[in-house]
Amino acid sequence: MRNPCLVLAGMVCLWITAAAQTEKPTLTIGDPAPPLKAIKFVKGPAVANLETGQVYVVEFWATWCGPCRATIPHLTEMAHQHKGKITFIGMDVFEKARDNEEFASKAESFVKEMGDQMDYTVGVDGTNAFMAKYWMEASGEGGIPCAFVVNKEGKIAWIGHPMDGLDKVLEQILAGKYDLAAAVAKRKQAKEAEQLEEAINEKVGELYQKGKKREALAEINKAIGQHPQLKDSFRMLRLNLLFDVDEAGAYKEIRQLAEGEFKNNTRGLLELAARIIRGTGNKPDYDLAITLAKQAGTTAEDDSDKVLSQAVLADTYQKKGDLKQAVATLTEAITFAKKTNAPEQFIGQLQNRLESFQKALAKPAGK
């Protein structure tokens, strides 16, 4: 008698059965795409299977994820641009829900709120988390938003953040110029680097927990010396440790970065400024942090970075004790954020921060 599983569901069921026999499924670029399973499609035409001969973008998001919300309009632009050539599917995952009904309800409410900004097929993973397990977790991806591109042969061609080169990848695939073998090799190298980073982080963490901060710093310096490609990954951790053992050296390095590698790097400059105003160190140089935040504002190209630069600048003024300037700067940031249709949640956070500044400013001196 034939296996009823194969009779009823064919290769999809076979794939699930094989995967179930493995404790931890794996997925990488070049592998056949796992099945697509959704408990419900809350927008657009339902997609039962990933058909060969068609290119797909399967993007994972959640209703609570701010960065996901920010990428959705861009995904809609790409969906419109490649209509008829590429099918875009947004898959809601990682929701806190008691059952499938609540899971779907959250997705439906979100999609309704987004309106035309989210104009592509949207599916719901459900509490059994099939998509989360066999796509996200299997590929080692823990953060969202995350997009998977499935090529016409049904293979995973690309995995990454939707704003990090997806446009170019899709153009190359449609033009028949995408190098899948190179993408496979690049993914392998990236995963090997991740494993190396994890090992180094674990060793450094053990030393730090024992209070051996100089030894931890030496371990990072050694790792960077042996693996120069890890320099960027460990830069901020190294800087944090440097603050602990050599504050003057840490500030010297910050200035070098601001004048060199980070000169036109908005997020890098803001990260340096934020590092100063977090309060670690005996002599926080708030004037330097102000300079960095202003420099970031001049290099910012998109609206979100401009708002963020103003917000960090306001925090720096507050840390320095200049509440009047902090209030003025943050008020300006909120006004600009509203004009540029920044997410309401982000604006709300800025407004709460502004209220705390205003209360502190109104408080009589000495009280």
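The coordinates are above.
Residues numbered from 1 in each chain as written. Predicted model: local features only at pLDDT ≥ 70, side-chain atom pairs only at ≥ 80, totals over all residues. Heavy atoms only, no water.

**Side note on the overall build of the protein**
Alright, step 1. For the protein, the helix and strand inventory stands at 14 helices and 6 strands.
Alright, step 2. For the protein, with 367 residues in total, the buried portion stands at 42%.
Alright, step 3. At a minimum sequence separation of 6, the contacts of the protein that also span at least 24 residues come to 67%.
Alright, step 4. Taken as a whole, the protein presents about 20,200 Å² of accessible surface, with 50% of it coming from carbon and sulfur.
Alright, step 5. If you average the places of the 48 positive and of the 49 negative side-chain charges in the protein, the two averages end up 4 Å apart. (Helix = DSSP H or I, 4+ residues; strand = E, 2+ residues; numbered from the N terminus. Buried < 20%, exposed > 50% of the residue type's maximum accessible area, 1.4 Å probe, protein only. Contact = heavy atoms within 4.5 Å. Areas by Shrake-Rupley, 256 points an atom, 1.4 Å probe, with all protein chains shown as cover. Lys, Arg positive; Asp, Glu negative; His and termini not counted. Charge placed at Lys NZ, Arg CZ, Asp CG, Glu CD.)

**A short note on the sheet that holds strand S6 (residues 156-160)**
Alright, step 1. Reading across the sheet, the 6 strands line up as S1-S4-S3-S2-S5-S6 and stay open at both edges, with mixed pairing between neighbours. Only two strands of the sheet have a single partner each, and these edge strands are strand S1 (40-43) and S6. With strand direction ignored, the average angle separating the axes of adjacent strands in the sheet is 25 degrees.
Alright, step 2. As paired strands, strand S3 (residues 86-92) and strand S4 (residues 121-124) are joined by 4 bridges and run parallel to one another. Counterpart to Gly90 in the pairing with S4 is Val122.
Alright, step 3. Helix H3 (residues 100-114) contacts S1, strand S2 (55-61), S3 and S4 of the sheet and is inclined by roughly 15 degrees relative to S1. (Pairing = 2+ DSSP bridges. Axes fitted to C-alpha atoms, helices over the stretch in contact; angles between N-to-C directions.)

**Some remarks on helix H2 (residues 66-81)**
Alright, step 1. Its 16 residues give H2 an end-to-end C-alpha distance of 24 Å, which sits within 8% of 22 Å, the value for a rise of 1.5 Å per residue.
Alright, step 2. At Ile72, H2 shows its strongest bend, of approximately 30 degrees, with the proline Pro73 following within four residues.
Alright, step 3. Buried residues of H2: Cys68, Thr71, Ile72, His74, Leu75, Thr76, Met78 and Ala79, and no others.
Alright, step 4. In this structure, the buried side of H2 is in contact with S2, S3, H3 and helix H5 (166-174). (Expected span 1.5 Å × (residues − 1). Bend = angle between axes of the 7 residues up to and from the residue.)

**Focus: the pattern of salt bridges**
Alright, step 1. All chains considered together, the criterion is met by 14 salt bridges.
Alright, step 2. Put simply, Glu113 and Arg69 hold a salt bridge, and the shortest N to O gap is 3.1 Å. Of this pair, Glu113 sits in helix H3 while Arg69 sits in helix H2, and the two are 44 residues apart along the sequence.
Alright, step 3. A residue is classified by how much of its surface remains accessible, and Glu113, at 53% relative accessible area, is exposed.
Alright, step 4. By relative accessible area, Arg69 is classed as partly exposed at 23%.
Alright, step 5. Among the salt bridges present, the one from Asp305 reaches Arg267, with a minimum N-O distance of 2.5 Å. (Salt bridge = Lys/Arg side-chain N within 4 Å of Asp/Glu carboxyl O.)

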